[in-house]
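Each chain, letter by letter, is given below.
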Amino acid sequence: MRARDGFLSRLVAALAARPAETTTSVPLPARTRLAAALAARPVVGQPVDRPADNAVVGTAAGAVSAGDKLTGQVKLVVAELLKTTVDQLLLDSDGDIGIRAGSAMILVRAQEDPPLVEVFSPLLTGVQPSETLLRRLTDLTVTMPVGRIYCTGDTVWASIPVLGVDFQPTHLLLAIRAMLRLADDLDDRLQQEFGGSRAAGPESPGMEALPDPTGYLRDLAAAGESPAGRILVDLLADRGHLDQLRTLAASGDWHAASRLATLLYARGKQAEAEHFWRLAADKGEPSARTELATVLAGRGDVDEAIALLQAGVAADDWHGVGLLVTLLARQGRADEAVALLRDRAG
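Residues numbered from 1 in each chain as written. Predicted model: local features only at pLDDT ≥ 70, side-chain atom pairs only at ≥ 80, totals over all residues. Heavy atoms only, no water.

Asker: Where do I start with the nonpolar core in this structure?
Answerer: Note on soluble globular proteins: their nonpolar side chains tend to be buried together. Ranked by internal contacts, the top residues of the largest apolar core, which has 54 residues, are Leu245, Leu327 and Leu340. The greatest single-element share of this core, amounting to seven residues, is contributed by helix α8 (residues 226-239). Residues lining this core come from more than one domain, with at least three contributed by each of domain 1 (67-211) and domain 2 (240-345). Beyond its immediate sequence surroundings of up to four residues, Leu340 is in contact with Val313, Trp318, Val321, Leu324, Val325 and Leu328. (Core = buried A, V, L, I, M, F, W, Y, C linked by side-chain atoms within 4.5 Å. Buried < 20%, exposed > 50% of the residue type's maximum accessible area, 1.4 Å probe, protein only. Helix = DSSP H or I, 4+ residues; strand = E, 2+ residues; numbered from the N terminus. Domains from an automatic or database assignment. Contact = heavy atoms within 4.5 Å.)

Below you can see the structure in the form of structure tokens.
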């Protein structure tokens, strides 16, 4: 036996010995819940073009009144930063403000209860949420003074929270500047490491307002830019817009069908969730295969789960190979698991 085959056999044996529970990836908390906890920490960052920032801060701070609602204060600060007026800021239906700079697409969201501002950006989409990717994102998050980098669906996001209590315009400006630098740099680096596509749309030579961010993504998707469509789906899923996801799924967006299924399953609608997972899996959506196989295995339909994942491998979809190897090992089919790993290793 070759040394590599011996290693693969030991790996399969170890997988077979793991606890029998099979679960989907643990859903990440909603961004706002984590951000609320992080927002108690000070926002630290180095602004770009400090003299210009000071001028903006002074103007914005003078315009903001402690009696204003947080959403109104945020609009004033962003309008000053973009050298426009509050009336010209076109928010989407969820109240998000869009900013474009370089290859970065930044969204700013304010909420009153709990009082919190979040600055977030899609860095990359169409990636495989592998253990290697998640470990890399965790390592990057550890280096950030505040905020996090994470993956939902197949989109990688960066997020920086700003405390809404005793709101300070300077903190929001620093967070936006830090996010612009972070996003404009990390999207290229992560794409080189993990593939996928950067945030859709043409690059901007400077900083400019992005009218109606959701509508912008929808228009790009309608024009054939698939990265925009996937970012839109993951954004809608994060916001919990089931009706809009249903509409997209009905039009043949299988990524939307898969994300819809995940939300439905989390809300206890297992039969409907399975329906959408099967639709998406039949059309080749990788995440749908893995999620459905996980649910099937969890309720004891292991053979069906294995067959589903094997069909994916036959179609050159290796997203669920880790789960497939584990299930084969637990079913006493170690030779098949080793052969699969050997094929994967090349």
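Past the structure itself, the notes keep going.
Asker: What should I look at first to understand the confidence of the model for the protein chain in this one?
Answerer: Confidence in the prediction of the protein chain, expressed as mean pLDDT, is 82, and 80% of residues score 70 or more. Contacts of residues 19-62 to residues separated by more than four positions or lying in other chains number 72 contacts, the stretch itself having pLDDT below 50. (pLDDT = per-residue confidence, 0-100.)

Asker: Which parts of the structure should I look at to understand the pairing of strand β3 (residues 116-125)?
Answerer: Remark: a regular strand shows side chains that alternate across the two faces of the sheet. Counting buried residues in β3 gives 10 out of 10 residues, a clear majority hidden from the surface. Relative to β3, strand β2 (residues 104-111) runs antiparallel, the two sharing five bridges. Bridging across to β3, Leu107 finds its partner in Phe120. Connecting β2 to the antiparallel partner β3 that follows it, the hairpin turn spans four residues. Of the strand pairs in this sheet, β3 and strand β5 (residues 155-163) are connected by nine bridges, and their pairing is antiparallel. Across the sheet, Leu124 pairs through a bridge with Val156, a residue of β5. Bridge count for β3 against strand β6 (residues 197-198) is two bridges, and the pairing is antiparallel. (Pairing = 2+ DSSP bridges.)

Asker: Sorry if this is basic, but what is going on with the pattern of salt bridges here?
Answerer: A side chain with one charge can pair with a side chain of the opposite charge if their charged atoms come near. Inspection of the entire model under this criterion finds 18 salt bridges. Two residues, Asp96 and Arg109, come together in a salt bridge whose shortest N-O distance is 2.8 Å. Of the two residues, Asp96 is situated in the loop between α4 (70-81) and β1 (97-102) and Arg109 in strand β2; the sequence distance between them amounts to 13 residues. Classification of Asp96 as buried rests on a relative accessible area of 0%. The exposure class of Arg109 is buried, given its relative accessible area of 13%. A salt bridge links Asp188 to Arg198, with the nearest nitrogen and oxygen atoms 2.8 Å apart. Placement of Asp188 in helix α6 (residues 169-194) and of Arg198 in strand β6 is noted, with a sequence separation of 10 residues between them. Classification of Arg198 as partly exposed rests on a relative accessible area of 24%. Beyond isolated ion pairs, a larger network of salt bridges with shared partners links Asp92, Asp94, Asp96, Arg109 and Arg239. (Salt bridge = Lys/Arg side-chain N within 4 Å of Asp/Glu carboxyl O.)

Asker: When you look at the packing of helix α11 (residues 270-282) against helix α12 (residues 286-298) in this model, what are you seeing that I'm missing?
Answerer: Helices that pack against each other are described as a pair by the angle of their axes relative to one another and the distance between those axes. One can describe the packing of α11 onto α12 by two numbers: an axis separation of 8 Å at closest approach and a directional angle of 135°. Between α11 and α12, the angle falls in the class oblique. Between α11 and α12 lies a crossing of left-handed hand. In contact with Glu274, Trp277, Arg278, Ala280 and Ala281 of α11, α12 contributes Ala288, Arg289, Glu291, Leu292, Val295 and Leu296. Of the residues assigned to the contact of α11 with α12, the class counts are seven nonpolar, no polar and four charged. (Axes fitted to C-alpha atoms, helices over the stretch in contact; angles between N-to-C directions. Parallel < 35°, antiparallel > 145°, perpendicular 65-115°, else oblique. Left-handed = near helix turned anticlockwise from the far one by under 90°. Nonpolar A, V, L, I, M, F, W, Y, C, P; charged D, E, K, R; others polar.)

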